[in-house]
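# Examining the three-dimensional arrangement
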Amino acid sequence: MKALVIYESMFGSTRRIAEQIAAGLAGSSTVVLVTVHDADPLGIGLADLIVVGAPTHLHGMSMPATRAAAVAMSNDPQRHLALESGAVGGGVREWLETVPTGPGLFAAFDTRRDMARILTGAASVSIGRSLARRGLHQVSRRSSFLVDDSEAIKAGELERARAWGERIGRLATAALTTAP
């Protein structure tokens, strides 16, 4: 199986989660891990499974205004935050608009604050809806990975991300094996 893990990250938390998901998938798949800026929307047709993730901003996916706010946060010396390479520019929201319709399997994830989802929202909900509208089939429930107020990944989340990658790898393999 070929898996493509595509992510957007502002301060590194979503990248680190994506890396662990890719590591979990590696047991059942040939995995390519790319930032959304390097992801070719037409190239997803070459993968059996795509896994797409992004940070949650204002209850959903990032947008130009929230990415600008992230830049401002990184300029605040009291926050001790460094922007990821490529954090400025388009994100998953814009990339999804360019994804062609077609068959395939997907899973969606996000990073969000450690609070009730009703208070934070989850970018993975919108990611999943967008991919389903394009004809892809969800192989597993979406997953949110938690960060604290300083953007640090909560204890146990990296391990949970790796286990989730292993699980979606098994589910995708089974779906591909039983497909007509």
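### Some words on the layout of surface pockets
The volume enclosed by the largest pocket comes to roughly 440 Å³. Taken together, 22 residues line the largest pocket, and the ones lying closest to its centre are T56, H57, L58, R113 and E151. Those elements that provide at least two residues to the lining of the largest pocket are helix 1 (13-25), helix 2 (64-74), strand 4 (105-113) and helix 4 (117-120). In terms of residue count, helix 2 provides more of the lining of the largest pocket than any other element does, 4 residues in total. Considering only residue class, the lining of the largest pocket consists of 9 nonpolar, 10 polar and 3 charged.

### A closer look at unusual backbone geometry
Phi is positive for L58, which is not a glycine, with a value near 45°. Note that L58 resides in the loop between strand 3 (49-55) and helix 2. Of note in the backbone geometry, H80 takes a positive phi value of approximately 55° without being a glycine. By secondary structure assignment, the location of H80 is in the loop between helix 2 and helix 3 (92-96).

### Here's the deal with the pairing of strand 6 (residues 143-147)
Counting buried positions along strand 6 gives 5 out of 5 residues, so the element sits mostly inside the fold. Because side chains alternate across strand 6, one face comprises the buried residues S143, F145 and V147, and the other comprises S144 and L146, equally buried. Note that strand 4 and strand 6 share 5 bridges and pair parallel. Each residue of the ladder has a partner; that of R112, found in strand 6, is L146.

Thresholds, definitions, all that
- Residues numbered from 1 in each chain as written.
- Predicted model: local features only at pLDDT ≥ 70, side-chain atom pairs only at ≥ 80, totals over all residues.
- Heavy atoms only, no water.
- 1 Å grid on protein atoms, 1.4 Å probe; cavity = no way out; pocket = protein on both sides within 12 Å on 5 of 7 lines; lining within 4 Å.
- Points joined across faces, edges and corners; volume = space filled by probe spheres on them.
- Helix = DSSP H or I, 4+ residues; strand = E, 2+ residues; numbered from the N terminus.
- Nonpolar A, V, L, I, M, F, W, Y, C, P; charged D, E, K, R; others polar.
- Buried < 20%, exposed > 50% of the residue type's maximum accessible area, 1.4 Å probe, protein only.
- Pairing = 2+ DSSP bridges.

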